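Each chain, written out:
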Amino acid sequence: MTEPPASDSLQSRQPLQNHGYRQELRRSLSFADLLVYGLVFMVPIAPFGIFGSVFQSSGGMVALTYAVGMVAMMFTALSYAQMARAFPMSGSVYAYAGRGIAPPVGFLAGWMILLDYVLVPGLLYLIAGIAMNSLVPAVPVWLWLVAYVVLNTAVNYTGIRMTARVNKLMLLAELVVLAVFLVAGVVALAQGKGRGFDFTAVYNGHTFSWSLVFGAVSVAALSFLGFDGISTLAEENKDSARAIGRSMVAALLLAGALFVAQTWLASLLVPDPDRLIGQGDPDGTAFYDAARAASGAWLATLTAAATAVAWGFANSLVAQAATSRLLYAMARDGQLPSFLARVHPRHRVPVNATLLTAAVSLGLGLYMNSRDDGVTLLSSLVNFGALTTFLVLHISVVVHYLIRRRSRDWWRHLVAPAIGFGVLAYVVVNADIAAQRLGFVWLGIGVVVLAGLLLAGRRPHLAAVAGTDESESRQVSPTEPKESA
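Predicted, not measured: the structure shown is a model, and the values here were computed from it.

Draft legend 1. Structural context of the overall build of the chain. Of the regular secondary structure elements, the chain holds 19 helices and zero strands. Across the 485 residues that make up the chain, the buried fraction comes to 59%. In the chain, the proportion of contacts linking residues at least 24 apart, taken out of those at least 6 apart, comes to 82%. Approximately 18300 Å² of the chain is accessible, and the part contributed by carbon and sulfur atoms is 67%.

Draft legend 2. Fine view of the packing of aromatic side chains. This model, assessed by the stated rule, comprises 20 aromatic pairs. Here Tyr-66 and Phe-224 contribute two aromatic rings whose centre-to-centre distance is 6.0 Å and whose plane-to-plane angle is 45°, an arrangement assigned as tilted. Taken as a pair, Tyr-66 in helix H4 (residues 62-86) and Phe-224 in helix H10 (residues 210-224) lie far apart in primary sequence, 158 residues in all. In this structure, Tyr-66 and Phe-224 share a single accessibility class: buried. Consider the rings of Phe-224 and Phe-259, whose centres lie 5.2 Å apart with planes at 75°: the pair is edge-to-face. In this pair, Phe-224 sits in helix H10 while Phe-259 sits in helix H11 (residues 242-269), placing the two residues 35 residues apart along the sequence.

Draft legend 3. Geometry of the pattern of salt bridges. By the definition in use, this model includes three salt bridges. For Arg-195, the salt bridge is made with Asp-198, and the minimal N-O distance between the two is 3.6 Å. In this structure Arg-195 comes out as partly exposed when scored by relative accessible area, which is 35%. The salt bridge involving Asp-289 is made with Arg-292; its shortest N-O contact spans 3.3 Å. Of this pair, Asp-289 and Arg-292 both sit in helix H13 (residues 286-295), three residues apart, which is roughly one turn of the helix.

Draft legend 4. Local environment of empty space enclosed by the protein. For the structure on display, the rule yields three cavities of 30 Å³ or more. Empty space within the second largest cavity amounts to approximately 80 Å³. Lining of the second largest cavity is provided by Phe-41, Met-42, Val-43, Ala-46, Asp-116, Val-120, Leu-124, Leu-222, Ser-223, Leu-225, Trp-311 and Asn-315. The set of elements that each furnish at least two residues to the lining of the second largest cavity consists of helix H2 (31-42), helix H7 (119-135), H10 and helix H14 (297-332). Grouping the constituent residues of the lining of the second largest cavity by class yields nine nonpolar, two polar and one charged.

Draft legend 5. The arrangement of the nonpolar core in detail. The biggest cluster of nonpolar side chains holds 148 residues, and the ones touching the most others in it are Tyr-66, Phe-227, Trp-311 and Phe-390. The element contributing the most residues to this core is H14, with 20 residues. Tyr-66 has contacts with Pro-47, Ile-50, Val-54, Ala-220, Ser-223, Phe-224, Phe-259, Val-260 and Thr-263, leaving out every residue within four places of it along the chain.

Draft legend 6. Spatial organisation of the confidence of the model for the chain. Looking at the chain, the pLDDT average stands at 79 and 82% of residues meet or exceed 70. Here helix H19 (residues 470-473) is the element of the chain with the lowest mean pLDDT, 39, and H13 is the one with the highest, 91. Throughout residues 1-14 the model reports pLDDT below 50, and contacts reaching past four residues in sequence, or to other chains, amount to 19 contacts.

Draft legend 7. Layout of the packing of H7 against helix H8 (residues 141-157). Taken N-terminus to C-terminus, the directions of H7 and H8 make an angle of 125°; their axes are 8 Å apart at the nearest point. In terms of axis orientation, H7 runs oblique to H8. The interaxial crossing formed by H7 with H8 has right-handed handedness. For the pair H7 and H8, contact is made by Tyr-125, Leu-126, Ala-128, Gly-129, Ile-130, Met-132 and Asn-133 and by Val-141, Trp-144, Leu-145, Tyr-148, Val-149 and Asn-152, respectively.

Draft legend 8. Main features of helix H17 (residues 410-429). Taking 1.5 Å per residue as the helical rise, H17 with its 20 residues ought to reach 28 Å, and the 27 Å between its terminal C-alpha atoms agrees with that figure. Helix geometry: H17 is bent most strongly at Ala-416, by close to 25°, with proline Pro-417 lying one to four residues after it.

Draft legend 9. Just a nonpolar patch on the surface, in detail. Taken together, the side chains of Trp-410, Trp-411, Leu-414, Val-415 and Ile-419 define a hydrophobic patch exposed on the protein surface, amounting to about 440 Å² of accessible area. Here Ile-419 lies in helix H17.

The rules we used
Residues numbered from 1 in each chain as written. Predicted model: local features only at pLDDT ≥ 70, side-chain atom pairs only at ≥ 80, totals over all residues. Heavy atoms only, no water. Helix = DSSP H or I, 4+ residues; strand = E, 2+ residues; numbered from the N terminus. Buried < 20%, exposed > 50% of the residue type's maximum accessible area, 1.4 Å probe, protein only. Contact = heavy atoms within 4.5 Å. Areas by Shrake-Rupley, 256 points an atom, 1.4 Å probe, with all protein chains shown as cover. Phe/Tyr/Trp six-rings, centres within 6.5 Å; stacked < 30°, edge-to-face > 60°. Salt bridge = Lys/Arg side-chain N within 4 Å of Asp/Glu carboxyl O. 1 Å grid on protein atoms, 1.4 Å probe; cavity = no way out; pocket = protein on both sides within 12 Å on 5 of 7 lines; lining within 4 Å. Points joined across faces, edges and corners; volume = space filled by probe spheres on them. Nonpolar A, V, L, I, M, F, W, Y, C, P; charged D, E, K, R; others polar. Core = buried A, V, L, I, M, F, W, Y, C linked by side-chain atoms within 4.5 Å. pLDDT = per-residue confidence, 0-100. Axes fitted to C-alpha atoms, helices over the stretch in contact; angles between N-to-C directions. Parallel < 35°, antiparallel > 145°, perpendicular 65-115°, else oblique. Left-handed = near helix turned anticlockwise from the far one by under 90°. Expected span 1.5 Å × (residues − 1). Bend = angle between axes of the 7 residues up to and from the residue. Patch = residues over 30% accessible without salt bridge, like charges linked within 9 Å, V, L, I, M, F, W, Y side chains within 5 Å.

Listed below in structure tokens is the structure:
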């Protein structure tokens, strides 16, 4: 493999070498790049596409649902921050659980997160293709799928720096569209349109129950998924390992605030909220109907087009990049075919993993487009895979820091992970039954695969630790100065 350029500082390379790996990917991403990546992955206008589903499942309390979801994910981000400091490498929860608990647990965590990472690009392409087909019916959904996959693969193939540049442009465009909607919505309400300003989107005493809200959070969680993708870029981060955790927390705070604001406003403009709660939003147009009620067809068309571009290009672009890094990390450890660990000598990206992700996304999108329940089925699998993997992440923090390193930082290494685990467990329990069944079937397949590896003498194994960096070599004492996440 080609050695990293001299411009990569020893300080940024050393932590990875301490864990038995060579620096192969290019370290070129700053804190701002990571923050933008996370925001684009989550999509600041993500609620546009699933607003109707969240509105129905929450009994109209859509803003409360997103606020609770943000808090739940914030505890998960804090756990990510701790594990990213301990193990600054690609692989996300796969690497954290494998090193924080045990390699077999890491394999199962990686297997479950594949439900999120491998399937989500296909889901995004499908949703965007459907949205574009609604705007340009003459172009079939399958053709939009092919166009999106080819374009995103070309950008990712050229390297992570090109992906970062495109991310910034797409984020700016999404924020402009969101600002237009927010201004138009406020003006419309001031003119007497909609229901006027009220707090039913935050709390409605006639429909409120915690099980209802947390059930809706399991749907709204799709909007938050992506902040965790920042962790897959740990080997391309040129700042300290703490930048990973800080960018996650910052991305969640910013995205969560935008989610609450736009859904609160849209809920006040919904033409017939009772019908939406009773009959749902099978066509996925509830948000666009609210935009039309605010300022006419032009705003409805603008928000629909923005959704198609954001989901099909911006979000899919970073999702494909994150997925390829996960496949690369697992292949590097011998838990997936070794050809997926190949890094392009010039572009410094996991080229085969990128191409495989594109092929799977295209095939999956085309197949699910032929099913009436394609979007629902994919959404259920993606959410269940991510949420169950987050549960393992919280356990990894406790095992690694509290048990192994005997940390006495009770808040970061016990209380916060325990709260995060409890909230997510309640969300999973109240999730859609079909999602639970499909998720556990996938987990069962993973257990069978793991058993096969063990019987074949291929027990999951991570690279030997060549040394320990400062953050790992010292025991965390009760008097150790606190560091920010």
